[in-house]
Amino acid sequence: MRHYLRGRMLHCRDTVGAPRFGVEYLEDAILVIEGARIVALLPAVEGLQQGISPAQCQSLGKRLLVPGFIDTHVHAYQLDVIASYGEQLLQWLDRYTFPAEARMADPALAAEVAELFLQQLLANGTTSALVFSTTHKQATDLLFTAAAKRNLCLITGKVLMDRNGPKELLDTPMGAYTDSLMLIEKWHKQQRLHYAVTPRFAVTSTAAQLAVAQKLLASYADLYLQTHLAENHEEVALVKQLFPT
């Protein structure tokens, strides 16, 4: 069954091969939805000429319809520390981030926060996101589960971290490998979900664990990789100290 929305719409044009990205605004347009898919977007005058009647259309009024936003870097389990009192990066991690993420060892809390995080994404128009989870396999599994219920396009993965953090968050190279492998096999390319190998950053991963990340990426041709790199001078100096070669 088809459903029709009519009103003001802004969309990204297909510009493959074109020199610049294109955006098109339509003051009066009809969006045609069949099942769970958009099958057409056309000026209203064309839609009416093709036999769509005004009575079939749900009016958007003065609202503007746009495509879902894409967030290319966000942390699912850091909601409680957003806008925490200012610190430099490494101190901010120790004081706020690591304690907040350590709490996600509790599956009930992790499930609650995952639901809230995805609700906030959707409330702000974000339908696709590249997301950091935590080092907890179960919290990552719960995040995937919550995203699957909403049919979101989510790329995420268990955070790899085997040094320079509280023991509650640290894993091992082998544990990181087996946990990641299980999650990849269960979730990667299911619905609109994808897996990202996720070393937090070089400071919190040994060379052995980074080799594990490389092994995972080599085992699957279509995995993603996400990490943090060169976010402040203190971090850069520490990476140079930890990896002198």
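Before reading further, recall that the structure is shown in the block above.
Below or above, wherever it landed, is the structure these notes cover.

**Considering the overall build of the chain**
Right, so step 1: Scanning the chain for helices and strands turns up seven helices and 10 strands.
Right, so step 2: Referenced to the eigenvectors of the C-alpha coordinate spread, the extents of the chain come out at roughly 70 × 40 × 40 Å.
Right, so step 3: Looking at the 245 residues of the chain, the share that counts as buried comes to 42%.
Right, so step 4: For the chain, long-range pairs separated by at least 24 residues make up 71% of all intrachain contacts whose partners lie at least 6 apart in sequence.
Right, so step 5: Computed over 22 positive and 24 negative side-chain charges, the inter-centroid distance for the chain is 4 Å.

**Regarding the packing of aromatic side chains**
Note on aromatic pairs: each is described by the distance of the centres and the angle between the planes.
Right, so step 1: Applying the stated criterion across every chain yields a total of two aromatic pairs.
Right, so step 2: On the numbers, 5.5 Å between centres and 10° between planes, the contact of Phe144 with Trp187 is stacked. Of this pair, Phe144 sits in helix H4 (residues 137-150) while Trp187 sits in helix H5 (residues 173-187), and the two are 43 residues apart along the sequence. Across the pair, exposure class does not vary: Phe144 and Trp187 are buried alike.
Right, so step 3: Ring centres 6.1 Å apart and planes at 20° place the aromatic pair Phe144 and Tyr195 in the stacked group. Here Phe144 is found in helix H4, whereas its partner Tyr195 is found in strand E9 (residues 193-199), with 51 residues between them in sequence.

**Some thoughts on helix H6 (residues 207-219)**
Right, so step 1: Compared with the 18 Å implied by 1.5 Å per residue over 13 residues, the 18 Å span of H6 between its first and last C-alpha is a close match.
Right, so step 2: Within H6 the residues assigned to the buried category are Gln209, Val212, Ala213 and Leu216. Take H6 and look down its axis: the buried residues cluster within an arc of 100°, on one side only. Away from its buried face by more than 90 degrees, H6 exposes Ala207, Gln214 and Ala218.
Right, so step 3: Here the buried face of H6 lies against strand E8 (159-160), H5 and E9.

**Re the state of the cysteines**
Right, so step 1: A complete count under the given rule lists zero disulfides for this structure.
Right, so step 2: We note that Cys12 lacks a disulfide partner, and the nearest cysteine sulfur, in Cys153, lies 15 Å from it.
Right, so step 3: Owing to a relative accessible area of 44%, Cys12 belongs among the partly exposed residues under this scheme.

**Considerations on the pairing of strand E1 (residues 2-12)**
Regular strands place their side chains on alternate faces of the sheet.
Right, so step 1: Bridge count between E1 and strand E2 (residues 23-34): 10 bridges; the pairing is antiparallel. By the bridge assignment, Cys12 is partnered in E2 with Val23.
Right, so step 2: Bridge count between E1 and strand E4 (residues 57-65): five bridges; the pairing is parallel. Bridge pairing links Leu5 to Gln58 in E4.

Here is what the cut-offs are and how they apply
Residues numbered from 1 in each chain as written. Predicted model: local features only at pLDDT ≥ 70, side-chain atom pairs only at ≥ 80, totals over all residues. Heavy atoms only, no water. Helix = DSSP H or I, 4+ residues; strand = E, 2+ residues; numbered from the N terminus. Buried < 20%, exposed > 50% of the residue type's maximum accessible area, 1.4 Å probe, protein only. Contact = heavy atoms within 4.5 Å. Lys, Arg positive; Asp, Glu negative; His and termini not counted. Charge placed at Lys NZ, Arg CZ, Asp CG, Glu CD. Phe/Tyr/Trp six-rings, centres within 6.5 Å; stacked < 30°, edge-to-face > 60°. Expected span 1.5 Å × (residues − 1). Arc of directions from axis to C-beta. Disulfide = S-S within 2.5 Å. Pairing = 2+ DSSP bridges.

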